[in-house]
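# Working through the structure, step by step
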Amino acid sequence: MSAKARLKAARDAINKKDYASARDNAEKVLDYEGDNYNANVFLGLALLELGEHEKSEQAYQRAIDNNPTQALGWQGLARFYERTENWDKFANTLQQLLALSPDATKCAETLQKLIQLRRTRGTTSELVEALSLLLPESKFYDLLSTLPAPDPTNPTATTTFETQEAIHNSLPVLEEIVSILENDEAQYLKKEVEKRRTRLGAAGPEQLRKDVGIEIWSRSRLPALYNEIISHPNTSDELRHSTENKLLQQKQRYLFALPMTAAAKQKLSDEVETMVNGAIILKLPDELAWMLFLDRKDLESVEGYDYSLLRLFMSIFPEHPLTSILKGYFIYYAIPLEVDEDEDDPGPNDDPDVGLDMVFDAQARLSDSLVATRLLADVYLREGDYVNAIKQAESGIELARRTENNHGKSLNLMHLGFKVILATSLHHVRALSLIDGILAVSPDNISALMGKAYIMEEAEQWEQAAELFSRVDGLLPDDMNDGLRAREEHAWCRSKLGDLDFAVGALKEVLGVIDTFEDPGSESERRDESYKHWITALKRDSMYAPAFTSLGKYYEEHLSPSDPVRASKCFQKAFELDSREVYASRRLAFGFAEEREWDLVEVVARRTIEGEGGLDAGLDAPSKTSATLFTPMNAWAWKAVGAVELARRHYAPAIQAFQVALRAEPDDQLSWLRLGEAYAKAGRHAAALKALTRSHELDPDDWMCLYFIGDVRRQTGQYQEAIDIFQDVLAERPAEIGVCVALATTYLELGRSEVSAGFMARAESSFLSALRVSLVSVDTSSGFRSVVWKVAADAMYHLSTRPTFLDESSVRETLELALQSLSSPSDRLPIIKILLRAAILAYDHRLSVNSTEPQAIASAWFDLGMSVHTYASYLVGEEKAAAEKAGINFICSALRECPGIQEYWIALGDAYFTSQPKSAQHAFIRALEIDSKSAATWANLGLLYLYHNDLELANEALFRAQTLDPDHTLSWVGQALVATANGHDRDARALLEHAVGLASSVVRFASSSPSSHLSLLPCLTLLSRYLTLNPTSVPGLHLSSLVHEAIGHLDTAQNLLSSVLSILEATYEETESAEVERQFVIAQANMGRIKLGAGDYEGAAECLETVSGLLAEALDEEARVLRTEAHFALGMCQFRQGGKFGEILGMFEEATAAAGDDATLRGHVCVLQAKVLWAHGSDEFKDGAKNILLACIENDPENLAAINALAAMGILTEDENLIDAALSEILALPREQRAQMDPAKEVDYLLLKHHQGLGQQTQAMSLAQHAIIAEPSDSEARVRLATLKMEEGDEQSVLSIISGSSSATIDVESVELGLRAIARAKVDEKTALREAQRAIMLAPWDSTRWLALAFVRNSGSH
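Rules of the game
Residues numbered from 1 in each chain as written. Predicted model: local features only at pLDDT ≥ 70, side-chain atom pairs only at ≥ 80, totals over all residues. Heavy atoms only, no water. Helix = DSSP H or I, 4+ residues; strand = E, 2+ residues; numbered from the N terminus. Contact = heavy atoms within 4.5 Å. Areas by Shrake-Rupley, 256 points an atom, 1.4 Å probe, with all protein chains shown as cover. Buried < 20%, exposed > 50% of the residue type's maximum accessible area, 1.4 Å probe, protein only. Disulfide = S-S within 2.5 Å. Expected span 1.5 Å × (residues − 1). Arc of directions from axis to C-beta. Salt bridge = Lys/Arg side-chain N within 4 Å of Asp/Glu carboxyl O. Core = buried A, V, L, I, M, F, W, Y, C linked by side-chain atoms within 4.5 Å.

Quick look at the overall build of the protein chain now. Within the protein chain, the regular secondary structure consists of 71 helices and zero strands. The contacts in the protein chain between residues at least 6 apart in sequence include a share of 53% that link residues at least 24 apart. Here the protein chain displays about 68,800 Å² of accessible surface, and carbon together with sulfur accounts for 50% of that area.

Laid out in structure tokens, this is it:
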């Protein structure tokens, strides 16, 4: 069969829907003719119907590739894509079909399919693109325009009705495209602004909208489409006007968004102006066009607006807020609302107040309108509401600047008009710069000339004022407002210059215009005539404030007799009408001050300040302050405000007021004094000193200034300078009780600072001086009694804390003087020691001094309670309990007066600390409720929990204190105690070391568990400082003696313990306390041990026998330890004295018996006994020593001391069996357990020495290396290995082993330095020499360090 026949068969099969046969025939054709167009088309259709889509698309694509200009392949491919819903390719195919369409009908049908596809499946931009193919600029428009006109009566007659309708009337298409684009641009603007707002460094929302708007509007199609709609013949008038409005709005938004520097802005501005002017000419009701037209007007005054246009605006937009403002403005200024309205015949609603209300009611809705702001500013200025006039003028200037930026058009005249209003409203020196700027642009501006003239007149610069008023008079010779007023003011200025004749003539001329003037005769007649004129002025204008001021002055100064009541009323009325009536306000303020009505003085002063501009000169701008705006004309008002604020303790406004007053009167000494006082009370001491120094320079004789300077010196800790100043003042004014009290207080604070610094002798002198000055103050005056007695009592209280005095006779003399002024103790007080009793009597006497302030009463109770509670520590038994109870009651009394003071609650908690823990906890928690961030209170609470064994709560409270104040020492000490209680000794030591380094005032804590005697050296410094402050402290002296004993200073230790024993003996004789007795026994035991070590065996025996005698009947654990120690030490005394060995062994047996069942204690005794037996030297005793140790180890296998002693004996006797017996068990343990049993590595040390003694260097080296592997941070293990390497001559290995080592102790560091020096001696002599010298500095008593230095020097010489 031929190809043609098969094609025919394929077509027939497709018509019969036999798609398989059609496929086969088409494929056979293609086997012979692969590029057969029809065969590929038939194959594509057949495969599509059979569902073989991929092959179908390939067949269609081959057909199109063979003949792309044939439409049949494209139609098949379009059907394929439509069937498979591949819409993007379907749209592309339709666009290809459009280009291949042979006639208008096919083109229209294809286009309709494309538009429908874009409507249902495409984006808005694709739909716009498709719809645009119907517009005249489309390349298909000429072909489509050949379609006949549509028949609306039979729309189904053709398949292209929609296209025919669009081609013959494109307006609906244009409207649809415009609607889509408007929505797209709005959505894009919104989304893009929201997206960009989240970027770092993004601009503000307004600027973002402008930036995105420029991107949109610069390429927008809408303006062209709007123009097409406007020019379309089928566009209705309504549609045309709305489209013109949209076009104007589009251009206006684009114009406002463009920056001033944009090249397109001017052209766009001209286009907008053309459109606006067209709308105005046509009188279109386009609100945007009218508002743009009015805001673009560059006019200096409202009169420049065309009233007919404003009336037209009101008629077109009767409901617009601007219409309300315009109507109100016209009514207020009596401007006809209608052209034919008679100005002299006001209508029923032409009341100016009605117009004013209309303006004010509508202003809030037009805050961004330039013309509305201009009208409002004019109204406020005419009303005399200068504050609001200033606000509107400044707002108008800002709006004008914004309008210039938006429109790209300068509004110089508009700026000038607002500046005139601003300058006129300020009426102040600050206005001069504005007025000068106005006159530079408009030299004949009447308002500016009048404003400047008034300012010159107020400043009493009469010549300049007269010249300016004369100039205005010349410019307005016939004007009955500004011209006549200028002539009057000119005459007044000339009168002030002494030209009275001219002034009288000019004023007569003015009065001739106003009324008839008759020349008075005598001075009295002229005053009467003046009185008549003032009355006449008030009759014509009852709100004219200057007339009331003049009348008041007349009643007060010229009327005979004067009438102060009527004068005060006139001044008050003038001030009520106009707060700028300075004379009236000042006379009122002085009058109220004489009557001591300070609140009224403040009211008058503040209103006067508001009258001249207020604290911010009438401006609310937050960046402007009174200190930068102007120099006040009424300094007295600022002084009054400052004094009132100072009295109210509002120091910041007081400082501000005095600063402003000093700008007007920089040499006012009193203002400088008050400013310095305000600075001082506000805590700004440097500024206070500067102000007070200036005050003193202005008046060197003012003792109050010196007093304030001294007080500031005292507050800043410069006590000696303050004392010198107070003494200088008292030399001139000895009766000034306030200065005496300040001097006594300064001495007291100086003493406290000296105690803190450790200068105890100086502190004693300062406290005595404070007491003497206080007593002089008591004798001199009855004032300040409560304060004086507090200072005196505090001074005696601090003196009572001193155990000894540098000048005891002086203290006694001063104390006797104090007791002469004090009565016998009240029944509230227990019997107490003399010095502290005197302090308590002073506190008690202070309560008897009358005081009505709860704070003072509470302070007196608190001081009394604290002093009594302090003295309770010196008492015992019932007296102590009574004193403690009284102290707590006094503190409670203080809390009843002032329950909100944290210090009182803390003191109560301290008082209840040991006896009533729940009450103490309650007190501390109440203190925390007052100040929850007080680290000291949290530390006290933590220590309370610790004392009562609640370690978890203690840890939480102390951790909170550390968090709040990392430098609070007591919280670190408390944490260390908690760590100790939990068994974490290493952590406790680290915490204590940190605590000691925080503050110099804390010297009572020293680290425990020292690793070597050298580690105790820092403790000596701390204890020395502590004992300087507390020379009779039994715990301090006792601990210091133990430290000296450990270091080897046995003589010093004996001396310190002798002092302890003397103090304890004296205390026991007074109190007979069992606790003191036990402390005495412990001290005796320590003294016996120290004397034994020092070789004073008889003295040691005496002390130890005393211990045994005092503990004969004691059964507690501590007594057992002390008895054991005493018996053994007595045996050692006899041994050292060469006593009978049987008696010595008897003492050791007694020590063993005293140890009882305490295995640890018995173990210690056994080890010491074995050492004594070994020291005897005979084989019998040595065997006895071994047996004792073996028995001890058998009973207590973990007794490390016994194990080490037995191993040492084996090493000395070279008895391997004994060594093995001693160390086998401990060596068999895991290393972790060994480290726990032997933290000091004594077993390793013994084995190392054993191997070295036997010459087993390899075993010794292996042992040292294993020790480092087990604990790499162990510095001593590194030193041992380095020493072995040094013995082998391996200097390089020595440096590697100990390089970077972190030494824990001074002696280990010294050894490391010596080893490094020897290792480097031959390589780096300079470094080696420096390290050897450092080693000697750390341990100058160690001969091996000196040998190392000699070795280094010897190596260098060779």
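That was the structure; now back to the text.
Let's shift gears to unusual backbone geometry. The backbone of Lys283 sits at a positive phi, close to 55 degrees, despite the residue not being glycine. On the secondary structure map, Lys283 appears in the loop between α15 (264-281) and α16 (287-295). In this structure, Ala334 is a non-glycine residue whose phi angle is positive, near 60 degrees. Checked against the element boundaries, Ala334 lands in the loop between α18 (321-332) and α19 (352-362). On the accessibility criterion, Ala334 (48% relative accessible area) is partly exposed.

The next thing to look at is the state of the cysteines. Under the definition given, this model contains zero disulfides. A disulfide-free cysteine, Cys1103 has its sulfur positioned 9.3 Å from the sulfur of Cys1133, the nearest such atom. Judged by relative accessible area, Cys1103 falls into the buried class, the value being 7%.

Note on placement: Ala682 falls in the loop between α36 (669-681) and α37 (685-698). Separated by 28 residues in sequence, Ala682 and Ala654 have C-alpha atoms that sit 9.9 Å apart. With near-sequence residues (within four places) excluded, Ala682 lies in contact with Tyr651 and Ile655.

Let's shift gears to helix α6 (residues 87-100). Taking 1.5 Å of rise per residue, the 14 residues of α6 would be expected to cover 20 Å, and the 20 Å separating its terminal C-alpha atoms lies within 8% of that figure. Phe90, Ala91, Thr93, Leu94, Leu97 and Leu98 are the residues of α6 that are buried. An end-on view of α6 places all buried positions within 165 degrees of arc, on one side of the element. Those residues of α6 that are exposed and angled more than 90 degrees off the buried face are Asp88 and Ala99. On its buried side, α6 packs onto α5 (71-83) and α7 (104-121).

So, about the pattern of salt bridges. The tally for this structure, following the rule as stated, stands at 38 salt bridges. Linking Asp499 and Arg494 is a salt bridge whose minimum nitrogen-to-oxygen distance equals 2.4 Å. Residue classification places Asp499 among the partly exposed positions, given a relative accessible area of 27%. Close ionic contact of Asp667 with Arg694 constitutes a salt bridge, the shortest N to O distance being 3.0 Å. Of this pair, Asp667 sits in the loop between α35 (651-664) and α36 while Arg694 sits in helix α37; the two residues are 27 residues apart in sequence, bridging distant segments of the chain. Residue Asp667 is classed as exposed on the basis of its relative accessible area, which comes to 56%. For Arg694, a relative accessible area of 29% corresponds to the partly exposed category. Here the salt bridges share partners, and the residues they tie into one network are Glu192, Lys195, Arg196 and Glu215.

Attention now goes to the nonpolar core. Grouped together as the largest cluster of nonpolar side chains are 89 residues, with contacts concentrated most on Phe313, Leu322 and Phe469. Once you skip the residues sitting within four places of it in the chain, Leu322 turns out to touch Met291, Leu294, Phe313, Leu366, Val371 and Ala372. Residues Ala770, Ala842, Ala883 and Leu908 belong to the second largest nonpolar core, which totals 87 residues.

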